[in-house]
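Reading the structure
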Amino acid sequence: AQSVAQPEDQVNVAEGNPLTVKCTYSVSGNPYLFWYVQYPNRGLQFLLKYITGDNLVKGSYGFEAEFNKSQTSFHLKKPSALVSDSALYFCAVRDWRNYGGSQGNLIFGKGTKLSVKP
Amino acid sequence: ETGVTQTPRHLVMGMTNKKSLKCEQHLGHNAMYWYKQSAKKPLELMFVYSLEERVENNSVPSRFSPECPNSSHLFLHLHTLQPEDSALYLCASSQDGARQNEQFFGPGTRLTVL
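Every value quoted in this text rests on a predicted model; they were computed, and no experiment measured them.

A word on the state of the cysteines. Residue and element names in this part refer to chain B. Inspection of every chain in the model, using the stated rule, returns two disulfides over all chains. One disulfide in the model links Cys23 with Cys91; its S-S distance is 1.9 Å. Its torsion about the S-S bond being -75°, the disulfide of Cys23 and Cys91 is classed as left-handed. Of the two residues, Cys23 sits in strand 3 (residues 18–25) while Cys91 sits in strand 9 (residues 87–94), which places them 68 residues apart along the sequence. Each member of the pair, Cys23 together with Cys91, is buried. There is no disulfide at Cys68, and the cysteine sulfur nearest it, in Cys91, is 9.0 Å away.

Shown next, in the form of structure tokens:
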């Protein structure tokens, strides 16, 4: 079965320190992987994606993610956290089941709450 | 977030009411989605429309009824809801036909069922 796991409900980091939000996946086809961020009372915002190529993907707001095929992981990272990075982060993987003409379905993890303290 | 708009942003309704949620995308996409987000649960995909045709109905109760009159608009009609239906309802769109395309989300409608 295809799935995404975010093992941590919450990650606490001090401002200026590096942060990592973990994600592992299980898919039946090529792993197309995505990270989204959700600020309070807002929708999800796309951060970055891995489709193919370089295992280190750079995205918005200084975030990057490292694809590791052997560990089936796609952890989100940032070298220096900001208080404004505090939000809910979702990892997602492309669902390879076909539904008629639609090829865009995503399977989301349950989310990780990131808290950055001054 | 202006690419995908949702109205209303907040909705309180009784169990016997009928209401509708509206979503509009200004991105020229051809696929639209409804998700339900409940506290401490993964996002639940409810419905998918591709080229204005419903292609996914993820075991959603019939008290939720989607409508997609064109590729820019998506509605979710609600009737005789239950308190457990209280959640944030998110709309998203994408350019279908390419598996690597990301989805763009609206701000959501916070629904409370009394």
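Here the focus is the pattern of salt bridges. For the coordinates displayed, the defined rule picks out seven salt bridges over all chains. Across the salt bridge formed by Asp9 of chain A and Lys110 of chain A, the nearest N and O atoms sit 2.4 Å from each other. A residue pair is termed long-range when its members are at least 10 positions apart, and Asp9 of chain A in the loop between strand 1 (3–5) and strand 2 (10–14) and Lys110 of chain A in the loop between strand 11 (106–108) and strand 12 (112–117) qualify at 101 residues. With relative accessibility at 54%, the residue Asp9 of chain A sits in the exposed group. For Lys110 of chain A, a relative accessible area of 33% puts it in the partly exposed group. Between Glu102 of chain B and Lys49 of chain A there is a salt bridge, with the nearest N and O atoms lying 2.7 Å from each other. With Glu102 of chain B in the loop between strand 9 and strand 10 (104–105) and Lys49 of chain A in strand 6 (residues 44–50), this residue pair bridges two chains. A relative accessible area of 14% means that Glu102 of chain B is categorised as buried. Classification of Lys49 of chain A as partly exposed rests on a relative accessible area of 25%.

Parameters at a glance
Residues numbered from 1 in each chain as written. Chains lettered and ligands numbered in written order. Predicted model: local features only at pLDDT ≥ 70, side-chain atom pairs only at ≥ 80, totals over all residues. Heavy atoms only, no water. Disulfide = S-S within 2.5 Å. Helix = DSSP H or I, 4+ residues; strand = E, 2+ residues; numbered from the N terminus. Buried < 20%, exposed > 50% of the residue type's maximum accessible area, 1.4 Å probe, protein only. Salt bridge = Lys/Arg side-chain N within 4 Å of Asp/Glu carboxyl O.

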